[in-house]
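Residues per chain, in single letters:
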Amino acid sequence: FLGASNARKYVSYFSESYVPTEFGKYFILKGGPGTGKSTFMKKTASEIEKEGFTVHRIFCSSDPSSLDAVLFPELNAGIFDGTAPHVMDPVLPGICEEIINLGACWDSSVLRKNKDSLARLSLYNSQLHKKASDYLFVASRFDKENLHTAARALDGEKLDRYITRLCAREIGITEKKGGGKLKKCFLSAVTPEGIKVHYDTVVSLAERIIVINDEFSCVAPLIVGSFCSYALKNGLDVIACFCPLFPEEKIEHIFIPKLSLCIFSSNQYHSAPKEFGRQIHGARFLD
């Protein structure tokens, strides 16, 4: 996922998924719901895959069967749904991005015949989104209380020593200082179908997986965040998967492509499958 609804607002990482000055080819789809944006992307992605290229499918947290974007990294190209809530406009129009108006494919006469029911349903849909946001706010407050309670039992010095050893063992020390690039995304999302986690992405991107079992989400964010900073300082690119309830604040999982390594936080919301491999038990750092 590149977007997620949370307690404050809709957060999108669309603009961070490509660099306009690298002069790729990106298409931004405009048009309301039902104009075929997701279908357009699904069919294009399938055709590109048939040609042997890698495809990254970006799913929609509001409708996990639908797509928000498809990216073709080997081609420096992609397609985005540029409508609300992830409104997107060209940075270098005509050079890097082009707009496709799928609204031109509407049969407006059919829509007008059903204008009253469509207007009513649109308003009801907005009210449900607002209610969902309120519930997510309550959930985030409980999560923070849970964290603060567990943090009182944290042995910070023991954890710091372990993080230092882990970083040295897995990354070492390079002569290169800084220069690593950070990419942001969400590996999971709170959706109308429940919590969705893309475990297949983990298996696709990492040959080695380190799992941090952390029931209270107290230890894992500290290990993952510190490991992320250390990797960036040593010139390694990192894909950081943030918590959808606390975007920009809480990193849950990271990928280091050069090392084919993933550090995965496991708890009741996204429990790691047994086959993920090596495990760190967060409880060892709690009194």
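In this text, all values refer to a predicted model and were calculated from it rather than measured experimentally.

**Some remarks on the overall build of the protein**
Inference 1: A tally of helices and strands in the protein yields six helices and 15 strands.
Inference 2: For 287 residues, the compact-globule formula gives about 19 Å, and the C-alpha radius of gyration of the protein, at 21 Å, lands near that figure.
Inference 3: Counting the 287 residues in the protein, one finds 43% classified as buried.
Inference 4: Taking the contacts inside the protein whose residues are at least 6 apart along the sequence as the reference set, 73% of them involve residues at least 24 apart.
Inference 5: Mean positive and mean negative side-chain charge positions of the protein (35 and 33 charges, respectively) differ by 2 Å.

**What to know about the nonpolar core**
Inference 1: Ranked by internal contacts, the top residues of the largest apolar core, which has 56 residues, are Phe80, Val202, Ile209, Phe227, Ile254, Ile256 and Phe264.
Inference 2: Where this core is concerned, the elements lending two or more residues are strand S3 (25-30), strand S5 (67-72), helix H4 (156-170), strand S11 (208-213), helix H6 (220-233), strand S12 (238-242), strand S13 (251-256) and strand S14 (261-266).
Inference 3: Residue contributions to this core peak at seven residues, all from H6.
Inference 4: Leaving out residues up to four positions away in the same chain, Phe227 has contacts with Leu166, Cys167, Glu170, Ile171, Ile254, Ile256, Leu261 and Ile263.
Inference 5: Core analysis: the second largest hydrophobic core is formed by 11 residues, Met41, Ile48, Ala77 and Leu102 among them.

**Quick look at the side chain of Asp68**
Inference 1: Locating Asp68 in the fold gives a position in strand S5.
Inference 2: Buried charge Asp68 goes without a salt bridge, the closest partner of opposite sign being Lys37 at 8.5 Å.
Inference 3: At 3.1 Å, the side chain of Asp68 and the side chain of His86 are in polar contact.
Inference 4: Look past the residues within four positions of Asp68 in its chain and what remains in contact with it is Tyr10, Phe14, Met41, Ile58, Phe59, Cys60, Ile79, Phe80, Asp81 and His86.

**Remarks on the packing of aromatic side chains**
Inference 1: Throughout the structure, instances matching the rule amount to 10 aromatic pairs.
Inference 2: With centroids separated by 6.0 Å and ring planes inclined at 35°, the aromatic side chains of Tyr26 and Phe80 adopt a geometry described as tilted. Residue Tyr26 is located in strand S3, and its partner Phe80 is located in strand S6 (residues 77-81); the two are separated by 54 residues in the primary sequence.
Inference 3: A residue is classified by how much of its surface remains accessible, and Tyr26, at 5% relative accessible area, is buried.
Inference 4: Seen from their ring centres, Tyr162 and Phe285 are 5.4 Å apart, and the 55° between their planes marks the pair as tilted.

**Quick look at a negative patch on the surface**
Inference 1: A cluster of acidic residues, Asp155, Glu157, Asp160 and Asp287, forms a negative patch on the protein surface.
Inference 2: Note that Asp287 resides in the segment after strand S15 (279-281).
Inference 3: Among the residues examined, Asp287 registers a relative accessible area of 86% and is labelled exposed.

**Focus on the side chain of Ser17**
Inference 1: Assignment of secondary structure puts Ser17 in the loop between strand S2 (10-12) and S3.
Inference 2: Residue class for Ser17 comes out buried when judged on its relative accessible area of 18%.
Inference 3: Filtering out sequence-adjacent residues up to four positions away, Ser17 remains in contact with Leu2, Leu71 and Phe80.

**Topic: the pairing of strand S9 (residues 188-191)**
Inference 1: Bridge count for S9 against strand S10 (residues 194-197) is four bridges, and the pairing is antiparallel. Bridging across to S10, Ser188 finds its partner in Val197.
Inference 2: Counting the residues that bridge the hairpin from S9 to S10 gives two residues.

What counts and how
- Each chain has its residues counted from 1, running along the sequence as written.
- Two thresholds apply to this predicted model, a pLDDT of at least 70 for residue-level local features and 80 or more for giving and counting side-chain atom pairs, whereas whole-chain, interface and lining totals are computed over all residues.
- Values reported for side chains reflect all heavy atoms of the structure, with hydrogen atoms and water molecules removed beforehand.
- For helices the rule is a DSSP run of H or I covering at least 4 residues; for strands it is a run of E covering at least 2, with both sets numbered from the N terminus onward.
- To get the radius of gyration, use the C-alpha atoms; to get the globule rule, take the number of residues to the power 0.38 and multiply by 2.2 Å.
- Type-normalised accessible area, obtained with a 1.4 Å probe on protein chains alone, sets the label of each residue: buried when under 20%, exposed when over 50%, and partly exposed for intermediate values.
- In this analysis, two residues are considered to be in contact whenever any of their non-hydrogen atoms come within 4.5 Å of each other.
- We count Lys and Arg on the positive side and Asp and Glu on the negative side, and we leave His and both chain ends out.
- To locate a charge, take atom NZ for lysine, CZ for arginine, CG for aspartate or CD for glutamate.
- Note on terminology: a nonpolar core comprises buried Ala, Val, Leu, Ile, Met, Phe, Trp, Tyr and Cys residues joined through side-chain atoms within 4.5 Å.
- A side-chain nitrogen of Lys or Arg and a carboxyl oxygen of Asp or Glu constitute a salt bridge if their distance falls within 4 Å.
- Between N or O atoms, a polar contact is any pair within 3.5 Å; within protein, one atom must be a potential hydrogen donor and the other a potential acceptor, and residues adjacent in sequence are included only when both atoms are from side chains.
- Pairs were defined over the aromatic rings of Phe, Tyr and Trp, the Trp ring being its six-membered one, requiring ring centres within 6.5 Å. Orientation was assigned from the angle between planes: stacked under 30 degrees, edge-to-face over 60, tilted for the rest.
- In this analysis, a patch consists of residues with relative accessible area above 30% that form no salt bridge, clustered at 9 Å for like charges and at 5 Å for the nonpolar side chains Val, Leu, Ile, Met, Phe, Trp and Tyr.
- Using a 1.4 Å probe, the Shrake-Rupley method yields the accessible areas, and only the shown protein chains count as cover for residues.
- A pair of strands counts as paired when DSSP detects no fewer than two bridges linking them.

From the geometry alone we can't say anything about function, so treat these as descriptive.
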